[in-house]
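Residue-level structural notes
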Amino acid sequence: MSARFDCTACGGPLILRAEGVSESLACPHCGAVLDARDPRHQVLAKYRAKLGEPPLIPIGARGTVRGDLLEVVGMQRRAVRYSGVIYSWDEYLLWNPYKGYRWMVESNGHWLLMKTLETKPTEGSGG
Ligand SMILES: [Zn+2]
């Protein structure tokens, strides 16, 4: 479920993870964001100037979390402004072919592991 190709912007070697699911791919060599669904992998944007600090866990890293071997297949940096203060956090998308997806979120040194619900929650179904 991964494919290797050269970056269409700089020629650097790339690995597309979660092929068929990923919509875009960021080149770690030049900062180009490529279209993962287009077989010609056209450049969509440049991210390097906006990203700032590199991710704490590189894309493609594998590790065991709560007994499951998971691979980092994506990452997004998010932020919100509240009362004039900007709070930011990083969300890592983890994947295992048998276990599915998990989100691991890092904010100011604190980590959360989350699993997407498979069904819509109903009122009073908590606990
Ligand atoms: Zn590149």
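Below or above, wherever it landed, is the structure these notes cover. These numbers come from a predicted model, not from an experiment.

1. Some remarks on the coordination of the zinc ion
- Those protein atoms acting as donors to the zinc ion are Cys 7 (SG), Cys 10 (SG), Cys 27 (SG) and Cys 30 (SG), and they sit at 2.3 to 2.4 Å.
- One way to put it: the four donor atoms around the zinc ion meet at angles of 107 to 112°, and that makes the site tetrahedral.

2. A short note on the pattern of salt bridges
- Applying the stated criterion across every chain yields a total of seven salt bridges.
- With its nearest N and O atoms 2.6 Å apart, the salt bridge here joins Glu 71 to Arg 17. Remark: Arg 17 occurs in the loop between β2 (13-16) and β3 (24-26) and Glu 71 occurs in strand β7 (residues 68-82); sequence separation between them is 54 residues.
- Looking at Glu 71, the relative accessible area reads 9%, which means it is buried.
- The closest approach of N and O atoms between Lys 99 and Asp 68, which form a salt bridge, is 3.6 Å. One end of the pair, Lys 99, is in the loop between β8 (85-96) and β9 (100-107); the other, Asp 68, is in strand β7, and 31 residues separate them in sequence.

3. Remarks on the packing of aromatic side chains
- According to the stated counting rule, one finds two aromatic pairs in the structure shown.
- Taken together, a centroid distance of 6.3 Å and an interplanar angle of 40° make the contact between Trp 95 and Tyr 101 tilted.
- The exposure class of Trp 95 is buried, given its relative accessible area of 16%.
- For Tyr 101, a relative accessible area of 27% corresponds to the partly exposed category.

Thresholds, definitions, all that
- Residues numbered from 1 in each chain as written.
- Predicted model: local features only at pLDDT ≥ 70, side-chain atom pairs only at ≥ 80, totals over all residues.
- Heavy atoms only, no water.
- Donors = N, O, S within 2.8 Å, 3.2 Å for Na, K, Ca; no water.
- Tetrahedral: all angles 85-135°; square planar, octahedral: opposite > 155°, others 65-115°.
- Salt bridge = Lys/Arg side-chain N within 4 Å of Asp/Glu carboxyl O.
- Helix = DSSP H or I, 4+ residues; strand = E, 2+ residues; numbered from the N terminus.
- Buried < 20%, exposed > 50% of the residue type's maximum accessible area, 1.4 Å probe, protein only.
- Phe/Tyr/Trp six-rings, centres within 6.5 Å; stacked < 30°, edge-to-face > 60°.

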